[in-house]
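Residues per chain are reported as follows:
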Amino acid sequence: MTFFRVQTADRDTAELLDPTGQYSHTWSYGRTNVGISVCDSIEDLALYLASAIGNGIPVQADTWALVELAGDVIPGSKPVDPEFESLIIPTAIISVRPVDSAFMAMIAESAEFLASFDPDPALDFEDDNNDE
């Protein structure tokens, strides 16, 4: 199975295959987990980066890389955002490419999609016929 993640382009992707570096942490460094954090698809990665948890990751076109990995999900692992993330032990790097404007647009579209679930304040109203 393959998975996707983003990381700064200057990070050596070979480190992902080194067992001594196979850990993930929150951007605030408040929690460290064994395994590399990934998403099941590029679409899930864009949703994660647009979500409340992932939107703090400062992804930028050309200075970040999109990495596709093969690997095995760690049974019983507890990623920071289990809705979108999995923790894996990577077995191979499939591809590495720069984050481009198309992927950045996918993140923006995902943010709009997620925002569509926020309640619209214009729809909040009180029943004026229920005066007490």
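Residues numbered from 1 in each chain as written. Predicted model: local features only at pLDDT ≥ 70, side-chain atom pairs only at ≥ 80, totals over all residues. Heavy atoms only, no water.

Before going further, it helps to spend a moment on the overall build of the protein chain. The secondary structure content of the protein chain amounts to two helices and six strands. For the protein chain, the sequential pattern of α-helices and β-strands runs β-β-β-β-α-β-β-α. In the protein chain, buried positions account for 38% of the 132 residues. A sequence separation of at least 24 residues applies to 72% of the contacts in the protein chain between residues at least 6 apart. By element, 53% of the accessible surface of the protein chain is carried by carbon and sulfur atoms, the whole surface being about 8200 Å². (Helix = DSSP H or I, 4+ residues; strand = E, 2+ residues; numbered from the N terminus. Buried < 20%, exposed > 50% of the residue type's maximum accessible area, 1.4 Å probe, protein only. Contact = heavy atoms within 4.5 Å. Areas by Shrake-Rupley, 256 points an atom, 1.4 Å probe, with all protein chains shown as cover.)

Side chains of a nonpolar character, in soluble globular proteins, are inclined to be buried together. Membership of the largest hydrophobic core comes to 18 residues, with the highest contact counts inside it found for Val6, Leu45, Leu49, Val59 and Phe103. Of all the secondary-structure elements, those providing two or more residues to this core are strand S1 (2-8), helix H1 (42-50), strand S5 (64-73) and helix H2 (101-115). Per-element tally for this core: the top contributor is H1, with seven residues. In this view, Phe103 contacts Val6, Ile42, Leu45, Ala46, Leu49 and Leu66; residues no more than four positions away in its chain are not counted. Core analysis: the second largest hydrophobic core is formed by eight residues, Phe3, Ala65, Leu69 and Ile88 among them. (Core = buried A, V, L, I, M, F, W, Y, C linked by side-chain atoms within 4.5 Å.)

So, on to the side chain of Gln7. The residue Gln7 is located in strand S1 in this model. The class for Gln7 is buried, based on a relative accessible area of 2%. Among the polar contacts made by the side chain of Gln7, one reaches the side chain of Arg5 at a distance of 3.1 Å. Not counting chain neighbours up to four residues away, the residues in contact with Gln7 comprise Asp12, Thr13, Leu16, Trp64, Ala65 and Val67. (Polar contact = N/O pair within 3.5 Å; in protein donor to acceptor, adjacent residues only side chain to side chain.)

Another aspect to go through is the pairing of strand S6 (residues 85-98). Judged from the four bridges that link them, strand S4 (residues 36-39) and S6 form a sheet pairing that is antiparallel. Paired with Ile36 across the bridge in S6 is Ile88. Inspection of the sheet shows S5 paired to S6 by nine bridges, in the antiparallel sense. The residue bridging Asp72 from the neighbouring strand is Ile89, located in S6. (Pairing = 2+ DSSP bridges.)

Moving on, we come to H2. For H2, with 15 residues, the first-to-last C-alpha span of 21 Å sits near the 21 Å given by 1.5 Å per residue. For H2, the elements touching its buried residues are S1, H1 and S5. (Expected span 1.5 Å × (residues − 1).)

Below, the discussion takes up H1. Summarising burial for H1: seven of the nine residues are buried, a large majority. Buried within H1 we find Ile42, Leu45, Ala46, Leu47, Tyr48, Leu49 and Ala50. For H1, the elements touching its buried residues are S1, S4, S5, S6 and H2.

The next subject is the pairing of S1. With five of its seven residues buried, S1 lies for the most part within the structure. Pairing analysis gives seven bridges linking S1 to S5, with the strands arranged antiparallel. Following the sheet pairing, Val6 is matched in S5 by Leu66.

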